[in-house]
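# Survey of secondary and tertiary structure
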Amino acid sequence: VPSVNAAAKVPAVSANAPADGEPALTGRGFPAVVLAAAVLAAERVSGVLVGSAALWLRAEPVAVGDVDVVIEPGEANLRRLHEALAGLAVRPGAVPALHRLREISIATVFSSYGRVDCMLERGRRDWEWLRPGAGYVPVADVRVLVASAADAWALRSRFRKR
Amino acid sequence: MGQRSGVGLVELAILEALDARRARPGGRAVSCEKVLAALEDEIGLARGYAYQVLIDLAQPWKLPVPLIEGIGNFGSRGNDPPASPRYTEARLSRVGQVALAAERGQIAPVPIGMINGNTHREGIRPPLRPAAVIDAIRQVLLKPRLSGPVITGIVGPPEFITGCTVTGDLAALAAGQYAELGLHARVTVTDAAEVRDRVAKAAIPGHRLPGFTRDLGRPVIVIDKFPPYANTDDVGLSIGKRAEEYSWHAHHPELAALTGLPVTDVRDLSARGDYWYVCLPADGTPPQVLREELLKVHGVSIYITTRLPRPLPTMIRTWIRAHQHEDLPGSLTALEIALASRQQRRLMAAC
């Protein structure tokens, strides 16, 4: 059983919201952006969650800014991804066309959960390397494929200083 | 950045260009196109880039202390873009003038860069409350051995001009560490009668009262005081998206319950620079429950990574030490006078 942040097991997530009229609070709550990864999985898009959201689900002490998903290459999966992004994006018109998804390195959409980066080029190059270490983590009643903490840290250190 | 004001170099070049054309507070504004042409001729700054920076300086919801007064359509907090520079004008604000005076050595340095931060340009230094920063500097000038916690307490948490709520590890931020800050819109449970009164107060000719105000006792949720970097039009779209039904809901009811919003109606009642939405909870949904859910919608809450260049007390002390032989009380007074001026207060209240 993969280790999961305690909050991820709690179905009723809390945004640690400030109370009515309360000026400022400290501390943060459950990262709602993680739900975007669950929605992609519910839409049957095959991909491995990496980045801060993956590390958070692996109980690593990181703040989650956005969702990064390495997309499995393949025509059928790209079609599902295109449809899922159209449903997820605040502006469906901004989702790259299907033929563009076959070429571009990253497709970024802004959803009501936050920013979602679909890493297409990394999927084309590293899917075989990344998939064996990944495991399923439950987010609500959806199983999300999440990279191992070691792989997620390795990818992160390649692109970020901190 | 400018060593004596902390204002960015491109921003300073724009302020200089405005001043050179006598576009000063109380004076006439100058066409932005002329300012951009001058910047291109004089320092080779491309017009498109310079206009982006000028727009940031002029949009009243971006900087705690605006350095420019923009006249004309500088865009909205939603999707409508600023007009072409041909149709917009700008002049210096009082504080913009003080920043230039400090850079020219006419007065001692001023901590404008420290106050405004740079998160408005996707930087990581958050803005701080102007009066609190000035007060902290004055206190340290009077009592150089003032303790770090006291200085941190005087400055307080970051403050954004839109009045959004700030959450996060403020102690880590004050200690000079990376801190993820949550910026939250104000989400208030109220009733339709209050919404009707607010709409009536705005008194916009031809603006019809929202239909659901017929039942004046009905609980509604008002969202306002959005984070400065949230697109208010997208917030409305996001709420609408979350209220929709999706095919996967049937297979994943738990996720559907987590992600769905029990909303029957969303109205954008923004007018005259006052951005606000009203949401009507679905029948049987306690308003407090919907309020909690709305706070999880991107745009109602956003998260930004922040870090101060060094611990807050050290930052204040270092700034004072670097300029200790100059008349800092005098320049702080000049800044305070500028902040209290009618033009500056009008600009800062425009959000």
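Basis of the calculations
Residues numbered from 1 in each chain as written. Chains lettered and ligands numbered in written order. Predicted model: local features only at pLDDT ≥ 70, side-chain atom pairs only at ≥ 80, totals over all residues. Heavy atoms only, no water. Helix = DSSP H or I, 4+ residues; strand = E, 2+ residues; numbered from the N terminus. Rg over C-alpha atoms; globule rule 2.2 N^0.38 Å. Buried < 20%, exposed > 50% of the residue type's maximum accessible area, 1.4 Å probe, protein only. Contact = heavy atoms within 4.5 Å. Areas by Shrake-Rupley, 256 points an atom, 1.4 Å probe, with all protein chains shown as cover. Lys, Arg positive; Asp, Glu negative; His and termini not counted. Charge placed at Lys NZ, Arg CZ, Asp CG, Glu CD. Salt bridge = Lys/Arg side-chain N within 4 Å of Asp/Glu carboxyl O. Pairing = 2+ DSSP bridges. Axes fitted to C-alpha atoms, helices over the stretch in contact; angles between N-to-C directions. Parallel < 35°, antiparallel > 145°, perpendicular 65-115°, else oblique. Left-handed = near helix turned anticlockwise from the far one by under 90°. Nonpolar A, V, L, I, M, F, W, Y, C, P; charged D, E, K, R; others polar. Core = buried A, V, L, I, M, F, W, Y, C linked by side-chain atoms within 4.5 Å. Arc of directions from axis to C-beta.

### Considerations on the overall build of chain B
Each helix and strand counted, chain B has 15 helices and ten strands in total. For chain B, whose C-alpha radius of gyration is 23 Å, the value lies close to the compact-globule estimate of 20 Å for 351 residues. Considering only C-alpha atoms, chain B reaches an extent of 70 × 50 × 40 Å along its principal axes. Put simply, chain B has 351 residues, and 54% of those count as buried. Sequence separation of 24 or more characterises 69% of the internal contacts of chain B that already satisfy a separation of 6 or more. For chain B, the exposed area adds up to about 15100 Å²; of that, 51% sits on carbon and sulfur atoms. Where the 40 positive side-chain charges of chain B centre and where its 36 negative ones centre are 7 Å apart.

### Things to note about the overall build of chain A
The secondary structure content of chain A amounts to seven helices and six strands. Ordered by position from N to C terminus, the α and β elements of chain A give α-α-β-α-β-α-α-β-β-α-β-β-α. Out of the 162 residues in chain A, the part that is buried amounts to 53%. Residue pairs at least 24 apart in sequence account for 56% of intrachain contacts in chain A once pairs closer than 6 positions are excluded.

### Let's talk about the pattern of salt bridges
Residues and elements named next belong to chain B. All chains considered together, the criterion is met by 27 salt bridges over all chains. R196 is paired through a salt bridge with D197; the nearest N and O atoms lie 3.3 Å apart. Here D197 falls in the partly exposed class, since its relative accessible area comes to 40%. Close ionic contact of E293 with K296 constitutes a salt bridge, the shortest N to O distance being 3.1 Å. K296 matches E293 in its accessibility class, with the two residues each being buried. One salt-bridge network, in which partners are shared between bridges, spans E16, D19, R24 and R104.

### Overview of the sheet that holds strand β5 (residues 179-184) of chain B
Residues and elements named next belong to chain B. Pairing is antiparallel across the open sheet formed by three strands, whose spatial order is β4-β5-β10. What marks the edges here is a single partner per strand, and that holds for β4 (165-168) and β10 (301-306). Strand after strand, the sheet turns through a mean of 30° between neighbouring axes, direction not considered. Relative to β5, β4 runs antiparallel, the two sharing four bridges. Bridge assignment links V166 to a residue of β5, and that residue is L183.

### Digging into the packing of helix α6 (residues 130-142) of chain B against helix α14 (residues 328-340) of chain B
All names here are of chain B. Packing of α6 against α14 brings their axes to within 11 Å, and their N-to-C directions diverge by 160°. Compared by their axis directions, α6 and α14 come out roughly antiparallel. In the crossing of α6 with α14, the sense of the turn from one axis to the other is left-handed. Between α6, through P130, I134, I137, R138 and L141, and α14, the contact on the second element is made entirely by L328, P329, L332, T333, L335, E336 and L339. Among the residues making up the contact of α6 with α14, the classes are represented as nine nonpolar, one polar and two charged.

### Structural notes on the pairing of strand β7 (residues 219-224) of chain B
All names here are of chain B. In terms of residue burial, β7 counts as a mostly covered element, since five of its six residues are buried. When strand β6 (residues 186-191) meets β7, the two strands line up antiparallel, connected through six bridges. By the bridge assignment, V189 is partnered in β7 with I221. Where β7 meets strand β9 (residues 277-281), three bridges bridge the pair, whose relative direction is antiparallel.

### What to know about the nonpolar core
Nonpolar side chains in soluble globular proteins tend to end up buried together. All names here are of chain B. Within the largest apolar cluster, 71 residues are counted, with the highest numbers of intra-cluster contacts made by L18, L39, L54, I68, I316 and L335. In terms of residue count, the dominant contributor to this core is helix α3 (residues 47-58) (seven residues). Excluding residues within four positions of it along the chain, L335 makes contact with V95, V98, V110, P111, I112, I115 and I134.

### Focus on the pairing of strand β3 (residues 106-111) of chain A
Where burial is concerned, the two faces of β3(A) differ: the one with A107(A), V109(A) and S111(A) is buried and the one with I106(A), T108(A) and F110(A) is not. A loop of two residues connects β3(A) with strand β4 (residues 114-119) of chain A, the two strands running antiparallel in sequence.

### Some details on helix α7 (residues 148-155) of chain B
Side chains of residues three or four places apart in an α-helix project in the same direction, reflecting 3.6 residues per turn. Residues and elements named next belong to chain B. Inspection of α7 places G148, I151, I154 and V155 among the buried residues, and these make up the whole buried set. Axial view of α7: buried residues confined to an arc of 125°, hence all on one face. Exposed and oriented more than 90 degrees from the buried face of α7 are P149 and G153. On the buried face of α7, the contacting elements are α6 and α13 (312-322).

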